[in-house]
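What follows is each chain in one-letter form.
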Amino acid sequence: MSQRLRTSRRALAAAAATAALTLALAACGSGSGSGHGSGMSDMDHSATPSASASAPGDDMASMPGMEPVSAGNGLAAAKDGYKMASTAATVPAGEATAYRFAITGPDGKPVTGFAVDQTKRMHFYAVRSDLTGFQHLHPTMAQDGTWTVPLAALQPGTWRLYASFTPDSGAGKGKGFVLSRTVKVSGMAMAAPLPKASGTATVDGYTVSVKGDPMAGMAHQLTATVTKDGKPVTDLQPYLDTYAHLTAFHQGDLAFAHFHPETEVDGDHGGPTLGFHAEFAQSGNWRMFLQFQTGGKLHTASLTLHVG
């Protein structure tokens, strides 16, 4: 009798656990899909939902997606109380421009303490809606928390400007953020078609080959190889404390991704092969920009990668 009771209790407990798991999976699948082929609903898996909001001038449509890192996909002007603030909604065409912005914290005041990431306290990116005109810059900050970035001449169209940073104090201390805003550049925009997906690109006489089979929402390794005249390049110089800097933007919504290299820096003889830990939030085409330095000159290779 006692043995039968114990067996019955174990059976009931197992049934209850199975029912709870079934309910949890049903709840996860009840949300609307992200529509990007990731096979996952657009849900926040963190214990505390993060607040994000669009700011004036941030009118480019954003498409939801699973975030690969805490920095997010870079499509919001505000997140977790931090905001990229700027009064500039337009930028003149065809001339260099000093773009100014500030990062405000949960208390509404400009943040002035930032941690160093890859030798810089702020990384700034600009790209047009057709994924052309990529710029990676490092602005300077005034004592009042105002950042100034020297943008090279922009062509007419809609541009998204990204600020990548890590607060050194306050509620967001130690957490990476990527916030962005859009600006309009006056004139007739002539959109360029996105180049087809290809594993190779050439720049300044160098050939860059990228191998990998990435899938959305999963960690993968990408391997980049640099050659010149068919020979391996082994004289890569450190750039931002690494041998290569890799940034990618998603076609359509311009979601942002930055991939950290796995190769350690050891003097001016990097290459020819560089490994990157990569996580793409969404499927589709991504425009990648790989920056590396030789002989004191910075090179930027661009190619299109398709993510399944």
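Scroll up to find the structure.
Just so it is clear, the structure is predicted and the values come from calculations on it, not from any experiment. (Residues numbered from 1 in each chain as written. Predicted model: local features only at pLDDT ≥ 70, side-chain atom pairs only at ≥ 80, totals over all residues. Heavy atoms only, no water.)

Strand order in the open sheet formed by five strands is 4-11-10-6-7, with mixed pairing between adjacent strands. The sheet is open, and its two edges are formed by strand 4 (90-91) and strand 7 (135-137), each paired on a single side. (Pairing = 2+ DSSP bridges. Helix = DSSP H or I, 4+ residues; strand = E, 2+ residues; numbered from the N terminus.)

Moving on: the side chain of Arg287. Checked against the element boundaries, Arg287 lands in strand 19 (residues 284-294). The buried charged residue Arg287 lacks any salt bridge, with Asp130 as its nearest oppositely charged partner at 9.3 Å. Of the polar contacts made by the side chain of Arg287, one reaches the side chain of Thr304; its length is 2.8 Å. For Arg287, the contacting residues outside a window of four places in its chain are Leu131, Leu194, Pro195, Thr247, Ala248, Phe249, Ser302, Leu303 and Thr304. (Buried < 20%, exposed > 50% of the residue type's maximum accessible area, 1.4 Å probe, protein only. Lys, Arg positive; Asp, Glu negative; His and termini not counted. Salt bridge = Lys/Arg side-chain N within 4 Å of Asp/Glu carboxyl O. Polar contact = N/O pair within 3.5 Å; in protein donor to acceptor, adjacent residues only side chain to side chain. Contact = heavy atoms within 4.5 Å.)

At the junction of Gly271 and Pro272, the peptide bond is cis and its omega measures out at 0° in the coordinates. Structurally, Pro272 is set in the loop between strand 17 (256-261) and strand 18 (273-279). Unlike most non-glycine residues, Asp204 shows phi in positive territory, near 50°. Of note, Asp204 is situated in the loop between strand 12 (200-203) and strand 13 (206-211).

What follows deals with the pairing of strand 18. A regular strand places its side chains so that they alternate between the two faces of the sheet. By the bridge criterion, seven bridges tie strand 14 (residues 219-228) to strand 18 in an arrangement that is antiparallel. Note on strand 18: the bridge partner recorded for His220 is Ala278.

With that settled, the discussion passes to the packing of aromatic side chains. The tally for this structure, following the rule as stated, stands at 18 aromatic pairs. An angle of 85° between the planes, with centres 5.7 Å apart, marks the rings of Phe114 and Phe165 as edge-to-face. Of the two residues, Phe114 sits in the loop between strand 5 (97-104) and strand 6 (123-128) while Phe165 sits in strand 10 (residues 157-165), which places them 51 residues apart along the sequence. By the burial criterion, Phe114 is buried, and Phe165 matches it. Aromatic ring contacts, followed pair by pair, group Tyr125, Phe134, Tyr162, Phe249, Phe256 and Phe289 into a single cluster. (Phe/Tyr/Trp six-rings, centres within 6.5 Å; stacked < 30°, edge-to-face > 60°.)

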